[in-house]
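Residue strings, one per chain:
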Amino acid sequence: MKNGKSLPKVFCPVPFASLILNPNGHVGSCRELGIGHVLGNIHENTIEEIWNNKKFRDWRLEFLTGNIVTCKEYINHNSCNKLHSNLDLLPYIDASEVVKTPILRLSPDINGFCNLQCPFCNIWAMPNHEYDKIDGFWEHLKKHIIPNLIQIDPLAGEPFLQPDLYKIINLAADSNPALSWRFTTNAQWSLSESIKSHLRKIKINRISVSLDTVDPKTYESIRAPGKLGNALKTIDDLKLFQKEKDFHLEINFSIQRENAFQIIEMLNFCEENNLFPFVQYVYSPENLSPSTLGLAQRKKILKYYFSKMSQRELLISHRVLRALVETFPNNLQIKYFKMLDLLTEGKFSRLITAASSIVPSFEKNSEV
């Protein structure tokens, strides 16, 4: 850490390091908080003005003082502040209300274009080319932002279908070849020689494929109008390319109502294919979240997990289990958490309390 300060027990480097450029011009910082957490707008202020504006400073003070409000529930449920991608930033940040170090991680989600229209996402309905309207944006990005970055993580809409991604790759390859890239993709595209040629120019840390299910019918419902076979073909191609570029290939499963009983099949798929699973929970929209199911239905899901999942699978799925258990009254929460500790020999409570690295062997390189 740049200023040598001791940090509070619960701390997140994101407000001190990360910037997200959304398709509509809104500027955010945190993936977990999403596009609703707006810290500024690129049409109204420069990136540098937004970086230390009052909203950013107030958010940073929450972590510096230990009075966390904005991120309390997210940290409580997901331990998102302990993700490896966030912890990797800690040695480089200036943990101050007014940050004097440059932006260290950029999410250039500058276009909404996507070939899917997933019901839990509205990025695909957002505009494109808003940043082309800003005088000098690309030149500023090249000279003043990209050279200082440590991480870059394109996400939205579908980055591999957007020409601007390859424009940014070319800029970064020239000015910051050591930059670590982390992609999130729906894999509804083909890994062409052209795409490979661009990826060979950069240092890829991780490619995370949002899959959500390995059942074809469920996939078509969750990720319309995509086809599971297309995603699986691209995953196979990425596995081959992985031998050349040596990056982590991660499969992201977001547990919601439609796939709540498919989690074991998903984890088996990852184990059989030597892929790293990242399992998370859908809180919103509420009509898709298991949290808003009736009491009997939620009990049925938990009973299935407790009776069918191995200790390893329970630990990998800790975000889902904790979120679901905490929808019950206090007496049932105590009962279910005790059952999880019994089934995992006490590892579950230690994992969710400390966000420790107790992870199964085939998840050892995945996000905790």
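Rules used throughout
- Residues numbered from 1 in each chain as written.
- Predicted model: local features only at pLDDT ≥ 70, side-chain atom pairs only at ≥ 80, totals over all residues.
- Heavy atoms only, no water.
- Helix = DSSP H or I, 4+ residues; strand = E, 2+ residues; numbered from the N terminus.
- Rg over C-alpha atoms; globule rule 2.2 N^0.38 Å.
- Buried < 20%, exposed > 50% of the residue type's maximum accessible area, 1.4 Å probe, protein only.
- Contact = heavy atoms within 4.5 Å.
- Lys, Arg positive; Asp, Glu negative; His and termini not counted.
- Charge placed at Lys NZ, Arg CZ, Asp CG, Glu CD.
- Phe/Tyr/Trp six-rings, centres within 6.5 Å; stacked < 30°, edge-to-face > 60°.
- Core = buried A, V, L, I, M, F, W, Y, C linked by side-chain atoms within 4.5 Å.
- Arc of directions from axis to C-beta.
- Salt bridge = Lys/Arg side-chain N within 4 Å of Asp/Glu carboxyl O.

## Comments concerning the overall build of the chain
- Along the chain, the regular secondary structure elements total 15 helices and nine strands.
- On C-alpha atoms alone, the chain measures out to a radius of gyration of 20 Å, which is about the 21 Å that the 2.2 N^0.38 rule sets for 368 residues.
- For the chain, the residues scored as buried account for 53% of the 368 residues in total.
- Partitioning the intrachain contacts of the chain with sequence separation of at least 6 by distance along the chain shows that 71% fall at a separation of at least 24.
- Once the 43 positive and 39 negative side-chain charges of the chain are each reduced to a mean point, those two points are 5 Å apart.

## Looking at the side chain of glutamine 333
- Relative to the helices and strands, glutamine 333 is located in helix 14 (residues 330–343).
- Once you skip the residues sitting within four places of it in the chain, glutamine 333 turns out to touch Val325, Glu326 and Phe328.

## Observations concerning the packing of aromatic side chains
- Scanning the entire structure with this criterion turns up 16 aromatic pairs.
- Plain terms: the ring middles of tryptophan 51 and phenylalanine 56 are 5.1 Å apart, the flat faces sit at 65° to each other, and that makes the pair edge-to-face.
- Owing to a relative accessible area of 5%, tryptophan 51 belongs among the buried residues under this scheme.
- For phenylalanine 56, a relative accessible area of 0% translates into the label buried.

## A few points about the nonpolar core
- If you look at the biggest cluster of nonpolar residues, it comprises 103 residues, and the most contacted ones within it are Trp181, Leu199 and Tyr305.
- Once residues within four sequence positions are removed from consideration, leucine 199 is found in contact with Phe160, Ile169, Phe183, Leu191, Ile204, Phe241 and Lys245.

## Quick notes on helix 5 (residues 137–145)
- Looking at helix 5, one finds that the buried residues are Phe137, Trp138, Leu141 and Ile145. In a view along the axis of helix 5, the buried residues occupy a sector of 105°, so they form one face of it.
- Among the structural elements, strand 1 (18–21), helix 1 (47–51), strand 4 (105–108) and helix 6 (163–175) are those in contact with the buried residues of helix 5.

## Focus on the pattern of salt bridges
- Under the counting rule described, the total for this entry stands at 15 salt bridges.
- Aspartate 88 is paired through a salt bridge with arginine 182; the nearest N and O atoms lie 3.1 Å apart. Here the residue aspartate 88 occupies a position in the loop between helix 4 (84–87) and strand 4, and arginine 182 occupies one in strand 6 (residues 180–185), the gap between them amounting to 94 residues.
- Glutamate 139 is the partner of lysine 143 in a salt bridge, and the nearest nitrogen-oxygen pair spans 3.2 Å. With lysine 143 and glutamate 139 both in helix 5, this residue pair falls four residues apart, about one helical turn.
- In the salt-bridge network here, residues are joined through shared partners; they are Arg31, Asp109 and Asp153.

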